[in-house]
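What the coordinates show
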Amino acid sequence: MSKARHVAIIMDGNGRWAKKRHLPRAVGHQRGVEAVREVVRAARRMGLEALTLYAFSTENWRRPEEEVSALMGLLKRYIIADLEEFIANNVRLKIIGNYKSLSADIVDLLEDALAKTAHNDGTTLVVALNYGSQDEIARAAAQAAAKGEVTIESIGAELDTAGLPPLDLLIRTSGEVRLSNFLLWQAAYAEMLFVETLWPDFTPAHLEAALAEFAGRERRYGGR
Ligand code: IPE
Ligand code: IPE
Ligand code: MG
């Protein structure tokens, strides 16, 4: 039995959740934020060291502008609404991905939140924003090469996730069984869990069940 330190989630299925109810996709995303809020609270209560959430991929720019701006608006409102709670609960915020190319108001908001939570040492909430794993690996390899040494360790040290505990468990909701360019390097020996639940329906109880499933898995890392 082992306790997961770092869990990552591909939060998928907001659109299908809305479609089933004949609601606009934006409502699905809104309900998705509610699920995020509760799952982040639960991760903190359960003592996870890091929770990484896939919020927006480098490929999500292919969606209609209206949906992209709805997602960015929700992200903004979530950080504004919950920043005080992160501070009060010792949650450290970390962003992975190219967030600096987002709009200036979002960059400012994120940098303020990063600065205000930087000294916290409870759960790290890692938000993957404008994140693509291939992009991350390419940037890290280039950095490592510029410093003169390309090894597994030197690339790892330049990844956006440097400093986080190793990824233990990767969950994807909504029944899709693929990684969609998320944490390809970090998932080398992570356990995977694909659940049918659509993201807006995902609750702290689902997270608890996932951690229980993880605790029962035998990890071998290629040994025997
Ligand atoms: C996940 O839900 C949210 C993001 C990708 C930002 P989707 O919007 O992908 O929902 P489906 O997959 O269309 O149901
Ligand atoms: C992955 O979901 C990205 C996020 C959850 C942010 P997508 O819905 O974008 O993935 P695909 O397109 O189905 O692979
Ligand atoms: Mg999807």
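Residues numbered from 1 in each chain as written. Chains lettered and ligands numbered in written order. Predicted model: local features only at pLDDT ≥ 70, side-chain atom pairs only at ≥ 80, totals over all residues. Heavy atoms only, no water.

**Considerations on the overall build of the chain**
The secondary structure content of the chain amounts to 7 helices and 6 strands. Put simply, the chain runs from its N terminus to its C terminus through helices and strands in the order β-α-α-β-α-β-α-β-α-α-β-β-α. The C-alpha radius of gyration computed for the chain amounts to 17 Å, which stays within 12% of the reference 17 Å derived for 224 residues, consistent with globular compactness. In terms of overall dimensions, the chain has a C-alpha envelope of 50 × 40 × 35 Å along the principal axes. In the chain, which comprises 224 residues, the proportion classed as buried is 49%. Partitioning the contacts of the chain with sequence separation of at least 6, the portion at a separation of at least 24 is 77%. Here the chain displays about 11,200 Å² of accessible surface, and carbon together with sulfur accounts for 52% of that area. (Helix = DSSP H or I, 4+ residues; strand = E, 2+ residues; numbered from the N terminus. Rg over C-alpha atoms; globule rule 2.2 N^0.38 Å. Buried < 20%, exposed > 50% of the residue type's maximum accessible area, 1.4 Å probe, protein only. Contact = heavy atoms within 4.5 Å. Areas by Shrake-Rupley, 256 points an atom, 1.4 Å probe, with all protein chains shown as cover.)

**Observations regarding the nonpolar core**
Counting residues in hydrophobic clusters, the biggest one holds 48 residues, and the most contacted among them are Val7, Ile9, Leu51, Leu125, Leu129, Ile171 and Leu207. Top contributing element to this core by residue count: helix α3 (residues 65–88), with 9 residues. Not counting residues within four places of it along the chain, the set of residues in contact with Leu129 comprises Ala55, Phe56, Leu75, Ile95, Ile96, Gly97, Asn98, Tyr99, Leu102 and Leu110. In this structure, Ile96, Val126, Ala128 and Leu170 belong to the second largest nonpolar core, which totals 15 residues. (Core = buried A, V, L, I, M, F, W, Y, C linked by side-chain atoms within 4.5 Å.)

**Overview of the environment of Asp160**
One can find Asp160 in the loop between α6 (152–158) and β5 (169–172). Taking C-alpha positions, Asp160 is 6.9 Å from Gly97, a pair spaced 63 residues apart along the chain. In contact with Asp160, not counting residues within four places along its chain, are Lys94, Ile96, Gly97, Tyr131, Glu136 and Arg139.

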